[in-house]
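# Tertiary structure, described
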Amino acid sequence: MGLLTGKVAIVTGSTRGIGEATAKLLAKEGAISIITGRTEDAGEKVAQEIISSGGKAEYHNLDITDEQNVKKVIDAVYNKYGRLDILVNNAGITGPNKPTHEYSKEEWENVFRVNVTGPFLCTKYVVPYMQKENGGNIVYISSIYGIVGAPDVPAYHATKAAIRIMAKIDALLYTKDNIRVNSIHPGYIWTSMVQNFIRDQSKKTGLGIEEIKKNMDSMQPIGHIGEPIDIAYGVLYLVSSEAKFVTGSELVIDGGYTAT
Ligand code: NAP
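The following paragraphs examine the structure supplied in this document.

About the criteria used
- Residues numbered from 1 in each chain as written.
- Predicted model: local features only at pLDDT ≥ 70, side-chain atom pairs only at ≥ 80, totals over all residues.
- Heavy atoms only, no water.
- Near = heavy atom within 4 Å.
- Polar contact = N/O pair within 3.5 Å; in protein donor to acceptor, adjacent residues only side chain to side chain.
- Areas by Shrake-Rupley, 256 points an atom, 1.4 Å probe, with all protein chains shown as cover.
- 1 Å grid on protein atoms, 1.4 Å probe; cavity = no way out; pocket = protein on both sides within 12 Å on 5 of 7 lines; lining within 4 Å.
- Sits in = over half its atoms within 2 Å of the grid points.
- Helix = DSSP H or I, 4+ residues; strand = E, 2+ residues; numbered from the N terminus.
- Nonpolar A, V, L, I, M, F, W, Y, C, P; charged D, E, K, R; others polar.
- Salt bridge = Lys/Arg side-chain N within 4 Å of Asp/Glu carboxyl O.
- Expected span 1.5 Å × (residues − 1).
- Buried < 20%, exposed > 50% of the residue type's maximum accessible area, 1.4 Å probe, protein only.
- Contact = heavy atoms within 4.5 Å.
- Pairing = 2+ DSSP bridges.
- Right-handed = clockwise from strand over helix to strand, strands pointing away.
- Core = buried A, V, L, I, M, F, W, Y, C linked by side-chain atoms within 4.5 Å.
- Axes fitted to C-alpha atoms, helices over the stretch in contact; angles between N-to-C directions.
- Parallel < 35°, antiparallel > 145°, perpendicular 65-115°, else oblique.
- Left-handed = near helix turned anticlockwise from the far one by under 90°.

Taken together, 30 residues sit near the ligand, with Arg38, Thr39, Asn90, Tyr156 and Thr191 positioned nearest. Take Arg16: an N or O atom from its side chain is 3.2 Å from an oxygen atom of the ligand. For the ligand, whose free accessible area comes to 880 Å², the fraction covered by protein is 96%. Taking a 2 Å distance to the grid points as the criterion, the majority of the atoms of the ligand fall inside the largest pocket. Elements with a minimum of two residues in the shell around the ligand: helix H1 (17–28), helix H5 (154–174) and helix H6 (192–205). By residue number, the principal contributor to the shell around the ligand is H6, which donates 3 residues. Among the residues forming the shell around the ligand, the class breakdown is 13 nonpolar, 13 polar and 4 charged.

Shown next as structure tokens:
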């Protein structure tokens, strides 16, 4: 028996990165992992890898900014399995890396559409099903930059702060329905998001990619940046019944970055 045997888990943005590692770990613990995102071949591959290693998974094309798409996928999953236990609001984008005053309104709003409105829509459509089943778990993947500031990607940091509080509000609103809601605050994790950020920095500064990566490693008190699985284990803990007393909390997983 795994920690999540028989549970149904939707992980947004699980075609790669932290979402992929999370969906795979939840499936390893017995959950039916619903892989979602906009890149069908990558999502199907993740689902197939889970199935090949003995787990249960299926891929649904999902753009979290499209309300009808969100509703359709969530309805389809609930109608198929008759339950919906876990939502991991993981999908996110960095947006432009430039000072606040150089952002256009459209650029700013686009980051909010994906990183804030998207999780709002997913929560909006899963909660009634969780209420019907008298229980559930929602995890918002925020960031260390939902807690502390930094002089770059301003819209990204603002969105991560927004969902940190959304998690607390939802925790308080839905505790009566036996729904626990928490946020996770990853530090630097080696995924395409950070790899693209490093490439962008390299273009701007002329420094080599390896050198920037080394600098990033040395900024972490633990001596290196993290891996997607480091965050996946945090999600697993929060959605398992081992965390039955945990709601409205913020789990920082950052190699000590915000401890300094
Ligand atoms: P990533 O490798 O870029 O993956 C992002 C995922 O989000 C992809 O699966 C992508 O799938 C999906 N996505 C993007 N826009 C979407 C949309 N409109 N609708 C549905 N899915 C969408 O990023 P990551 O590093 O794994 O990040 C995952 C989460 O962790 C993000 O919320 C990020 O802010 C947070 N985080 C990451 C780090 C880090 O250092 N990596 C640190 C702190 C927090 P498709 O392209 O297939 O749609």
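Next up on the list: the pattern of salt bridges. This model, assessed by the stated rule, comprises 13 salt bridges. One connected set of salt bridges, linked through shared partners, spans Glu20, Lys24, Lys45 and Glu49.

So, about helix H3 (residues 67–81). With 15 residues, H3 extends 21 Å between its outermost C-alpha atoms, agreeing within 8% with the 21 Å of an ideal straight helix rising 1.5 Å per residue. Within H3, burial applies to Asn69, Val70, Val73, Ile74, Asp75, Val77 and Tyr78. Where the residues of H3 are buried, they touch strand S1 (8–11), strand S2 (32–37), strand S3 (56–61) and helix H4 (105–132). Near the N-terminus of H3, the side chain that reaches the backbone nitrogen of Gln68, with its oxygen 3.1 Å away, is that of Asp66.

This part covers the side chain of Lys213. Residue placement: Lys213 occurs in helix H7 (residues 209–218). Ignoring sequence-local partners within four residues, the contact set of Lys213 consists of Trp190, Ile198 and Ile225.

Relative to S3, S2 runs parallel, the two being bridged by 6 bridges. The partner of Ile34 across the bridge, within S3, is Glu58. Handedness of the crossover is the feature at issue here: the chain leaves S2, passes through helix H2 (residues 40–52), returns alongside S3, and the resulting connection is right-handed.

Grouped together as the largest cluster of nonpolar side chains are 32 residues, with contacts concentrated most on Ile74, Leu84 and Ile138. Every element with two or more residues in this core is listed here: S1, S2, H3, H4, strand S5 (136–141), H5 and strand S6 (179–186). Ignoring sequence-local partners within four residues, the contact set of Ile74 consists of Ile10, Leu84, Cys122, Tyr125, Val126 and Tyr129. Formed by 31 residues, the second largest nonpolar core is a distinct cluster that contains Ala31, Ile184, Ala243 and Val246.

Here Ile18 shows up in helix H1. In sequence terms Ile18 and Thr175 are 157 residues apart; their C-alpha atoms lie 27 Å from each other. Those residues in contact with Ile18 that lie beyond four places of it in its chain are Asn90, Ile189, Thr191, Pro228 and Ile231.

Here we take up the packing of H1 against helix H8 (residues 228–239). At a minimum axis distance of 8 Å, the contact between H1 and H8 shows a crossing angle of 50 degrees. In terms of axis orientation, H1 runs oblique to H8. As for how H1 packs across H8, the hand of that crossing is right-handed. Where H1 approaches H8, its residues Gly17, Ile18, Ala21, Thr22, Leu25 and Leu26 are matched on the opposing element by Pro228, Ile229, Ile231, Ala232, Tyr233, Val235, Leu236 and Val239. Across the contact of H1 with H8, the residue classes tally to 12 nonpolar, 2 polar and no charged.

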